[in-house]
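# Structural characterization, general
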Amino acid sequence: MPTGRYTRRDGRKAHAYLLEKDATKVAAGSLELGHFYFISRRGASSSLEEVIPPLVPFYCQEEMTVAEDDEVFELKAYFLGFANNKSYTEEKQVNDATVDMDESTNYICEGSVAASGSISGYDMVGDPDSAVEKLKLRFNDTLDMAGDTPVYKESDTTRKDLIVLIWDAFGAKLGDITEFNFVPCILTNNSKEAAYGSPQSLNLDFQGCDTTDEGIRRIRSIMKWAGIVDATAGRVAA
């Protein structure tokens, strides 16, 4: 019987995180397990894995050392804890290339891949620095007077975000094989629904891009699980 990678997946296992680039590059030393990074420039004395290209986001599953002349940045992870449902689609366009001399249809493809998806769940008022509050700013200004000090936050409707969909996160044990989709994207739809007798819902749709504004690229990764540190809660999710 097949083992290891061959398994039926529970939909509840899928988690989604918003990733934001830290302003300061990582100091020389070891990368932390369960954190996200990308390499901006590999130094001459670098010992970082050659298989990881520059500007490709990756999840740190094992100890890696950063040299003084490396340029590595952390991607802070913000858990989209409201979400119940996640969908992700990759699509290629084909053109009909059928000719009269042939009775069967034929198609050609120029190879570009479009990505899109959605994240939906219960609408919850989050911590001011939570992922859901950050993403709501892609559509509207926010006036927050719930705390001790009123805060007015301006929207950023043209910003590209980096979302990671982790298809095997819930209940994962250290060393379990886990699939990630890192998706640079523009949020295209923010809808709320409320029906009598039902929980209020929040739905976010996104259009995938090839890169973020910083050049961070789209990638699918298969890694060994090492937990995750949430940037807001400061806790390890395993």
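## Focus: the overall build of the chain
Secondary structure assignment for the chain yields one helix and 18 strands. Projected onto its principal axes, the C-alpha positions of the chain cover 75 × 60 × 45 Å. Buried residues in the chain amount to 38% of all 238 residues. Long-range pairs, those at least 24 residues apart, make up 67% of the contacts in the chain between residues at least 6 apart in sequence. For the chain, the computed accessible surface area is about 14100 Å², with 48% contributed by carbon and sulfur atoms. In the chain, the 25 positive side-chain charges and the 39 negative ones have mean positions that sit 5 Å from each other.

## Observations concerning unusual backbone geometry
Leave glycine aside and you will find that most residues have negative phi; peptide bonds, for their part, are mostly trans. Even without being glycine, leucine 55 reaches a positive phi, approximately 70°. Summarising the element assignment, leucine 55 is placed in the loop between β3 (36-41) and β4 (58-59). By relative accessible area, which is 26% here, leucine 55 ends up partly exposed.

## Concerning the state of the cysteines
Counted according to the given criterion, the structure contains zero disulfides. Cysteine cysteine 209 shares no disulfide, and the gap to the nearest cysteine sulfur, in cysteine 185, comes to 6.8 Å. For cysteine 209, a relative accessible area of 11% gives the class buried.

## A few points about the pattern of salt bridges
Using the criterion set out here, one finds nine salt bridges in the structure. The residue lysine 134 makes a salt bridge to glutamate 20 at a minimum N-O spacing of 3.3 Å. A residue pair is termed long-range when its members are at least 10 positions apart, and lysine 134 in helix α1 (residues 131-136) and glutamate 20 in strand β1 (residues 15-21) qualify at 114 residues. Taking the relative accessible area as the measure of exposure, glutamate 20 reaches 15% and is therefore buried. With a shortest N-O distance of 3.8 Å, arginine 41 and glutamate 71 are connected by a salt bridge. Of this pair, arginine 41 sits in strand β3 while glutamate 71 sits in strand β6 (residues 71-79), and the two are 30 residues apart along the sequence. What makes arginine 41 partly exposed here is its relative accessible area of 41%. Look at glutamate 71 and you get partly exposed, because its relative accessible area is 27%. One connected set of salt bridges, linked through shared partners, spans Glu20, Lys134, Arg138, Arg159 and Asp161.

## Notes on the confidence of the model for the chain
Taken over all residues, the pLDDT of the chain has a mean of 90, while the share at 70 or more is 94%. Within the chain, the element-level pLDDT minimum falls on strand β18 (residues 236-237), averaging 55, and the maximum on strand β13 (residues 161-166), averaging 97.

## Observations concerning the packing of aromatic side chains
One pass over the structure, following the stated rule, counts nine aromatic pairs. Centre to centre, the rings of phenylalanine 36 and tyrosine 59 are 5.4 Å apart; their planes meet at 50°, and the pair counts as tilted. With phenylalanine 36 in strand β3 and tyrosine 59 in strand β4, this pair connects stretches of sequence that are 23 residues apart. Relative to phenylalanine 182, the ring of phenylalanine 180 has its centre 6.0 Å away and its plane inclined at 10°; by these criteria the two rings are stacked. The residues phenylalanine 180 and phenylalanine 182 share a single accessibility class, namely buried. Put simply, the rings of Phe36, Tyr59, Phe180, Phe182 and Trp225 pair up and form one aromatic cluster. Positioned over the ring face of phenylalanine 73 is lysine 21, at 4.4 Å from the centre of the ring.

## Some details on the layout of surface pockets
Unfilled space is identified by rolling a water-sized probe across the atoms. In this model, the second largest pocket occupies a volume close to 290 Å³. Together, 16 residues line the second largest pocket, and Val125, Glu133, Lys136, Thr142 and Leu143 are the ones closest to its centre. Elements with a contribution of two residues or more to the lining of the second largest pocket: α1, β11 (142-144) and β14 (177-193). In terms of residue count, β11 provides more of the lining of the second largest pocket than any other element does, three residues in total.

## Details of a nonpolar patch on the surface
The grouping of Leu143, Met145 and Tyr152 at the surface amounts to a nonpolar patch, some 380 Å² of accessible area in total. Summarising the element assignment, methionine 145 is placed in the loop between β11 and β12 (151-153).

Basis of the calculations
Residues numbered from 1 in each chain as written. Predicted model: local features only at pLDDT ≥ 70, side-chain atom pairs only at ≥ 80, totals over all residues. Heavy atoms only, no water. Helix = DSSP H or I, 4+ residues; strand = E, 2+ residues; numbered from the N terminus. Buried < 20%, exposed > 50% of the residue type's maximum accessible area, 1.4 Å probe, protein only. Contact = heavy atoms within 4.5 Å. Areas by Shrake-Rupley, 256 points an atom, 1.4 Å probe, with all protein chains shown as cover. Lys, Arg positive; Asp, Glu negative; His and termini not counted. Charge placed at Lys NZ, Arg CZ, Asp CG, Glu CD. Disulfide = S-S within 2.5 Å. Salt bridge = Lys/Arg side-chain N within 4 Å of Asp/Glu carboxyl O. pLDDT = per-residue confidence, 0-100. Phe/Tyr/Trp six-rings, centres within 6.5 Å; stacked < 30°, edge-to-face > 60°. Lys NZ or Arg CZ within 6 Å of the ring centre and 35° of its normal. 1 Å grid on protein atoms, 1.4 Å probe; cavity = no way out; pocket = protein on both sides within 12 Å on 5 of 7 lines; lining within 4 Å. Points joined across faces, edges and corners; volume = space filled by probe spheres on them. Patch = residues over 30% accessible without salt bridge, like charges linked within 9 Å, V, L, I, M, F, W, Y side chains within 5 Å.

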